[in-house]
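# Chains, contacts and geometry: an overview
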Amino acid sequence: MYGIVNKAIEDLVIANFGEDKWEAVKSRSGVDVDFFISNEPYDDDITYQLAGAVGEEMNMPVEKVLEAFGEWWILKTGKEKYGGLMEAGGSNLRDFLINLPIFHNRVMLIYPKLTPPEFKTSHIEANSIHIHYFSKRHGLQEFVRGLLSGLGKMYNTPVEVELIQSRDEGSNHEVFKVSW
Ligand code: HEM
C-alpha cells in the first residue's frame with residue numbers, strides 16, 4: 001500500500017501515545033524503514049506488521065487497532081489532508097455512501113498505482129444502506145467498520161454498523177448494513 005497508509009498509522013500512534021511508543025511499535029514490527037514516503041508504494045506486509053505490532057504494544061486485538069485506524073483515516077487523514085476530496089463525496093452521509101463505489105476513482109488520480117477496494121450498494125433506504133466490500137486483501141473488514149463509523153462522525157450522524165455477510169463465512173465479499 002502507498003506510504004500514506006503507513007504514515008497514517010504512525011501519526012495515529014504518535015498523536016495518542018507519543019514518539020517513544022511509535023519507536024517501540026516500529027522495532028517490535030521488524031519493519032526497517034526510517035520514514036514513509038506518502039506517494040511511494042510499499043509491500044502490504046509492512047502495513048499488516050505495523051498494525052499487528054500496535055496491537056501487541058497496546059495489548060489490543062488487531063481488529064480493534066484496524067477499527068480505530070479506520071476512524072482515524074476518515075477524521076484525520078481524509079478530512080485534514082484531503083478535505084476537498086472528502087467534501088466532493090457528498091453533502092450528507094447517505095449521499096456519500098451512495099457515491100462510495102466511485103470514490104477511489106478520484107483517489108487514483110493522486111495515487112495511480114492504487115489497488116483500491118471495490119464497493120457496491122444495495123437496499124438503499126431513507127435511514128439505511130447495505131455496503132458491499134470486495135477486496136483482493138484479507139483481514140481488513142474491521143478497518144472498513146471503522147471507516148464507516150468515522151464517516152458517521154464526520155457527518156455528525158450517529159451510525160450503527162452491522163456486518164451481515166463475510167468471507168469468513170464463505171461469501172466472496174463482506175456486506176455491512178449501515179443505519180442512522
Ligand atoms: C481522501 C480519502 C481517501 C484516500 C486518499 C484514500 C486512499 C487510499 C489508499 C492510498 C489506499 C491503499 C491502497 C493502495 O495503496 O493500493 C486505500 C485503501 C483503502 N481504502 Fe481508501 N482512501 C480514501 C477514502 C476512503 C473511504 C471513504 C473509504 C471507505 C469508506 C476507503 C476504503 C478503503 C479500504 C477498505 C482500503 C483497503 C484496501 C483494500 O481493502 O483492498 N477509503 N485508500
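What comes next is a walk through the structure. Fair warning: this is a prediction, and the values are worked out from it, not measured in the lab.

Calculation criteria
Residues numbered from 1 in each chain as written. Predicted model: local features only at pLDDT ≥ 70, side-chain atom pairs only at ≥ 80, totals over all residues. Heavy atoms only, no water. Helix = DSSP H or I, 4+ residues; strand = E, 2+ residues; numbered from the N terminus. Rg over C-alpha atoms; globule rule 2.2 N^0.38 Å. Buried < 20%, exposed > 50% of the residue type's maximum accessible area, 1.4 Å probe, protein only. Contact = heavy atoms within 4.5 Å. Areas by Shrake-Rupley, 256 points an atom, 1.4 Å probe, with all protein chains shown as cover. Lys, Arg positive; Asp, Glu negative; His and termini not counted. Charge placed at Lys NZ, Arg CZ, Asp CG, Glu CD. Donors = N, O, S within 2.8 Å, 3.2 Å for Na, K, Ca; no water. Pairing = 2+ DSSP bridges. Near = heavy atom within 4 Å. Polar contact = N/O pair within 3.5 Å; in protein donor to acceptor, adjacent residues only side chain to side chain.

Our next topic: the overall build of the protein chain. Helices and strands together make up the secondary structure of the protein chain, namely 7 helices and 4 strands. For a compact globule of 180 residues, the expected C-alpha radius of gyration is about 16 Å, and the protein chain comes in at 16 Å, within 12% of that figure. For the protein chain, the C-alpha atoms occupy an extent of roughly 45 × 35 × 30 Å along the three principal directions. Each of the 180 residues in the protein chain was classed as buried or not, and the buried ones make up 48%. In the protein chain, once contacts between residues fewer than 6 apart in sequence are set aside, the share between residues at least 24 apart is 60%. Of the accessible surface of the protein chain, which amounts to about 9400 Å², a share of 51% is contributed by carbon and sulfur atoms. Here the protein chain contributes 18 positively and 27 negatively charged side chains, and the mean placements of these two sets differ by 5 Å.

All right, on to the coordination of the iron atom of the ligand then. In this structure the iron atom of the ligand is ligated by exactly one protein donor, H104 (NE2), at 2.1 Å. Within the secondary structure, H104 sits in helix α6 (residues 93-110).

Two faces belong to every sheet, and in a regular strand the side chains alternate between them. The buried fraction of strand β2 (residues 128-134) amounts to 7 of the 7 residues, a majority that puts the element mostly inside the structure. As defined by bridge partners, strand β1 (residues 118-122) adjoins β2 across 5 bridges and the pair is classed as antiparallel. Bridged to S122 within β2 is H130. If you look at the hairpin formed by β1 and β2, you'll find 5 residues sitting between the two strands, and H123 has a positive phi there, around 50 degrees. The pairing of β2 with strand β4 (residues 174-179) spans 6 bridges and is classified as antiparallel. Opposite I131, over in β4, you have F176 as the bridge partner.

Let us now look at the site of the ligand. Near the ligand you find 26 residues, and of these Y2, H104, T115, Y133 and S135 are the closest. Measuring from an oxygen atom of the ligand, one finds a backbone N or O atom of T115 at 2.8 Å. Contact between the ligand and S135: an oxygen atom at 2.6 Å from a side-chain N or O atom of the residue. At the level of elements, α1 (3-17), α4 (62-81), α5 (83-88), α6 and α7 (141-154) are the ones that each hand at least two residues to the shell around the ligand. For the shell around the ligand, the element with the most residues is α6, which contributes 5 residues.

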